[in-house]
Number of protein chains: 2
Amino acid sequence: MTRPSVVTAAMLAIGDELLSGRTKDKNIGHLADMLTMVGIDLREVRIVADDEEAIVEAVNALRGRYDHVFTSGGIGPTHDDITADAMSKAFGVACVHDPKAMHLLGAMYERRGMEFTEARKRMARMPVGADHIANPVSTAPGFRMGNVYVMAGVPQVFQAMLDGLLPSLETGTPVLSRTVRSPFGEGDIGTPLTEVQKHHPETNIGSYPKFDGKTFSTDIVIRGRDEAELAAAEADVIAMIEAISRSRQGG
Amino acid sequence: MTRPSVVTAAMLAIGDELLSGRTKDKNIGHLADMLTMVGIDLREVRIVADDEEAIVEAVNALRGRYDHVFTSGGIGPTHDDITADAMSKAFGVACVHDPKAMHLLGAMYERRGMEFTEARKRMARMPVGADHIANPVSTAPGFRMGNVYVMAGVPQVFQAMLDGLLPSLETGTPVLSRTVRSPFGEGDIGTPLTEVQKHHPETNIGSYPKFDGKTFSTDIVIRGRDEAELAAAEADVIAMIEAISRSRQGG
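Residues numbered from 1 in each chain as written. Chains lettered and ligands numbered in written order. Predicted model: local features only at pLDDT ≥ 70, side-chain atom pairs only at ≥ 80, totals over all residues. Heavy atoms only, no water.

**Student:** Could you give me a rundown of the overall build of chain A, with the residues and numbers involved?
**Tutor:** Helices and strands together make up the secondary structure of chain A, namely nine helices and eleven strands. Computed over C-alpha atoms, the radius of gyration of chain A comes to 23 Å, more than 25% over the 18 Å expected from 2.2 N^0.38 for 251 residues, which places it beyond the range of a compact globule. Along the three orthogonal principal directions, the C-alpha set of chain A runs to about 80 × 45 × 35 Å. Expressed as a percentage of its 251 residues, the buried residues of chain A come to 55%. Expressed as a percentage of contacts within chain A between residues at least 6 apart in sequence, the contacts between residues at least 24 apart total 69%. Of the roughly 11,000 Å² of accessible surface on chain A, 51% is carried by carbon and sulfur atoms. Charge-centre separation for chain A: the mean point of 26 positive side chains lies 2 Å from the mean point of 34 negative side chains. (Helix = DSSP H or I, 4+ residues; strand = E, 2+ residues; numbered from the N terminus. Rg over C-alpha atoms; globule rule 2.2 N^0.38 Å. Buried < 20%, exposed > 50% of the residue type's maximum accessible area, 1.4 Å probe, protein only. Contact = heavy atoms within 4.5 Å. Areas by Shrake-Rupley, 256 points an atom, 1.4 Å probe, with all protein chains shown as cover. Lys, Arg positive; Asp, Glu negative; His and termini not counted. Charge placed at Lys NZ, Arg CZ, Asp CG, Glu CD.)

**Student:** Let's hear about the relation of the copies chain B and chain A: which residues, and what values?
**Tutor:** Turning chain B through 180° and shifting it by 0.0 Å along the axis lays it on chain A, with an RMSD of 0.0 Å. The superposition operator between the copies reduces to a two-fold rotation axis. The rotation axis passes nearest to the C-alpha of Arg46(B) in chain B, at a distance of 2.2 Å. In this assembly the copies share their binding face: 100% of the residues contributing to the interface of chain B also contribute to that of chain A. (Least-squares fit on C-alpha atoms with pLDDT ≥ 70 in both.)

**Student:** Could you give an account of the nonpolar core, with specific residues and numbers?
**Tutor:** Within the largest apolar cluster, 124 residues are counted, with the highest numbers of intra-cluster contacts made by Phe70(A) and Phe70(B). Setting aside residues no more than four positions away along its own chain, Phe70(A) makes contact with Ala9(A), Ala10(A), Met11(A), Leu12(A), Leu31(A), Leu35(A), Tyr149(A), Met151(A), Leu162(A), Leu165(A) and Leu169(A). (Core = buried A, V, L, I, M, F, W, Y, C linked by side-chain atoms within 4.5 Å.)

**Student:** Got a sec to walk through the interface of chain B and chain A? Specific residues and values, please.
**Tutor:** How big an interface is tends to be stated in terms of the accessible area lost upon association of its parts. Every contact between the two is made by 58 residues of chain B and, on the other side, 58 residues of chain A. Of the roughly 4,600 Å² buried between chain B and chain A on both sides combined, carbon and sulfur atoms contribute 54%. On inspection of chain B and its partner chain A, the count reaches eight salt bridges. The interface formed by chain B and chain A holds 30 residue pairs in polar contact (both at pLDDT 80 or more) in total. Secondary-structure elements contributing two or more residues to the side of chain B that touches chain A are helix 1 (16-20), helix 2 (27-38), strand 2 (41-48), helix 6 (118-122), helix 7 (155-165), helix 8 (186-199), strand 10 (204-211) and strand 11 (216-224) of chain B. At eight residues, the largest contribution of residues to the side of chain B that touches chain A is made by helix 8 of chain B. The residue inventory of the side of chain B that touches chain A, partitioned by class, reads 21 nonpolar, 19 polar and 18 charged. Pairing between strand 2 (residues 41-48) of chain A and strand 2 of chain B: five bridges, direction antiparallel. Within strand 2 of chain B, the residue paired with Glu44(A) across the bridge is Val48(B). (Buried area = accessible area lost by both parts, 1.4 Å probe. Salt bridge = Lys/Arg side-chain N within 4 Å of Asp/Glu carboxyl O. Polar contact = N/O pair within 3.5 Å; in protein donor to acceptor, adjacent residues only side chain to side chain. Nonpolar A, V, L, I, M, F, W, Y, C, P; charged D, E, K, R; others polar. Pairing = 2+ DSSP bridges.)

**Student:** Break down the environment of Gly129(B) for me, with residues and values.
**Tutor:** Relative to the elements of secondary structure, Gly129(B) occurs in the loop between strand 5 (125-127) and strand 6 (131-133). Spatially, the C-alpha atoms of Gly129(B) and Glu202(B) are 41 Å apart, while their sequence positions differ by 73 residues.

**Student:** A description of the packing of helix 3 (residues 52-63) of chain B against helix 4 (residues 83-91) of chain B should follow, citing residues and the corresponding values.
**Tutor:** Residues and elements named next belong to chain B. One way to put it is that helix 3 packs onto helix 4 with a least axis distance of 9 Å and a crossing angle of 50°. One element, helix 3, and the other, helix 4, form an angle in the oblique class. Crossing hand, helix 3 versus helix 4: right-handed. The segment helix 3 lies against helix 4, with Glu52, Ile55, Val56, Val59, Asn60 and Arg63 engaging Asp85, Ala86, Met87, Lys89, Ala90 and Phe91. A breakdown of the residues in the contact of helix 3 with helix 4 according to their chemical character gives seven nonpolar, one polar and four charged. (Axes fitted to C-alpha atoms, helices over the stretch in contact; angles between N-to-C directions. Parallel < 35°, antiparallel > 145°, perpendicular 65-115°, else oblique. Left-handed = near helix turned anticlockwise from the far one by under 90°.)

**Student:** Describe the UniProt feature "domain: MoaB/Mog" (unreviewed entry) in chain A, with residues and values.
**Tutor:** Within this numbering scheme, the UniProt entry marks residues 10-172 of chain A as carrying the feature "domain: MoaB/Mog" (unreviewed entry). The straight-line gap between the two end C-alpha atoms of residues 10-172 of chain A is 15 Å; of that span, 41% is helix and 21% is strand. (UniProt positions renumbered as here; feature names shortened; annotations may be inferred.)

**Student:** Could you give me a rundown of the domain arrangement of chain A, with the residues and numbers involved?
**Tutor:** Taken domain by domain, chain A comprises domain 1 (8-168) and domain 2 (176-250). With centres defined by C-alpha atoms, the gap from domain 1 of chain A to domain 2 of chain A works out at 39 Å. (Domains from an automatic or database assignment.)

**Student:** Residue-level account of the sheet that holds strand 10 of chain B, with values.
**Tutor:** All names here are of chain B. Here we have three strands laid out as an open sheet, ordered 9-11-10, and antiparallel in their pairing. Of all the strands in the sheet, the pair left with one neighbour each is strand 9 (176-182) and strand 10. Ignoring strand direction, the axes of neighbouring strands in this sheet form an average angle of 20°. Pairing of strand 10 with strand 11 involves eight bridges; the strand directions are antiparallel. In the sheet register, Phe211 faces strand 11, and the bridge partner there is Phe216. Helix 9 (residues 227-250) rests against strand 9 and strand 11 of the sheet, and its axis sits at about 5° to strand 9.

**Student:** How would you summarise the packing of aromatic side chains if you had to cite specific residues and measurements?
**Tutor:** In this structure the tally under the stated criterion is six aromatic pairs over all chains. Ring centres of Tyr109(A) and Phe116(A) lie 5.6 Å apart, and the angle between their planes is 25°; on these two criteria the pair is classed as stacked. There is no split in this pair, since Tyr109(A) and Phe116(A) are both buried. For the ring pair Phe211(B) and Phe216(B), a centre distance of 4.5 Å and an interplane angle of 40° mean the geometry is tilted. For Arg63(A), the ring lying beneath its charged end belongs to Phe91(A), and the centroid distance is 3.9 Å. (Phe/Tyr/Trp six-rings, centres within 6.5 Å; stacked < 30°, edge-to-face > 60°. Lys NZ or Arg CZ within 6 Å of the ring centre and 35° of its normal.)

**Student:** Go over the sheet that holds strand 9 (residues 176-182) of chain A with me, naming the residues and quoting the values.
**Tutor:** The strands that make up a sheet are held in pairs by hydrogen bonds between backbone atoms, and each pair lies either parallel or antiparallel. Residues and elements named next belong to chain A. Taken in spatial order, the three strands make up an open sheet running 9-11-10, and their pairing is antiparallel. Lying at the two open borders of the sheet, with one neighbouring strand each, are strand 9 and strand 10 (204-211). Within this sheet the neighbouring strands show an average axis-to-axis angle of 20°, counted without direction.

Written out as structure tokens, the structure reads:
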């Protein structure tokens, strides 16, 4: 087999409302699903407030460490939307009204007979040198600066931007997964499962307890980039559960 | 009025499954709600994988910066539960089978006629010097080490641990909030809202767009620790919306 390629990513979700509990984030889980599907490893997520210093520090930490950084939130027209300014500061460039975005937004508001207010013009601001990320839902574009993809916080818009963006990105060998349901709790399978993991070091075996209010069962998830290795590990996990079942019935 | 006291916190959610999309986190939003209620400011959240180095680095960064750090995940009985080891490393102490936890778990499994397996004994491991965080759901305790509170990832257990823990923590003056619904999008209210914010610097006015598939409306949320300042800002926001309504009807 060819050596699998690994492409890494982080997400930075921006917004006071995520930290106050007012808004329950929906973008992290969606991004995680999409990246897994295309073969990009999401390694870290941070949530920070609408605070310039916090955004700058987080984006600079993440963009140096991962291949891609995806951000959500803070690119609307109001005073608390400061993501464009923070990104400009992080990259050490000016934040300007992008001419192409001004044109795009100006034309849209004219078509709709709406005033292109100062507030709406804020949505055309981005760091000098940024490329647009198309917004098929509500026009105002996101932007790419280096390896950082700046997108909206409203889930419908975030998802539409991501759909357009993903096909253009460098991706790796997708991680495949198999799930085996165990009727036994983690305490029963923990020791033998450790042995299975040791025998299949190329796979990553995770164990996720489920609690129905009375008893625990477990989902065992085997992840890896090679189909044959995955199948071999899965067979051993199934054999392990059957052995526990037999010993229970026998005892 | 007396000066409001501010107590800060961060959360560290631990688990490969949160980053692969397999599990959609429920603990961050719950913690955010609970902390807001008791008067602790959640300032930052990080999600990292079941990776010792990543956990150690994140918890050390967060515990030095915030008054409290809450973690979720990685304290079960299987090989991928490495939070106790990582916390011990972060604090530079040994990770041991805590005698009190061994006793608690041993008695519980004996009562239930279940074997106290090596895997289950893993759940008694914690850094030397840690205090227990009670687990009324499934016995295996979380633990406190310094200003770090290590709790389970299963939401029912996380919530029960937090309920028991919160009354013992130092809290600050709770942040109060008022929400004003605006039928206008952010582009219409952005400029006047900036003025309202400037007149009420002791409050934090956030603006959250809602999209129904066709048009945007806005929830305007005013937050602050003083009731009178909050009421004054709210009155100005309502007056602002009424002024926009009048100008629309007049025009």
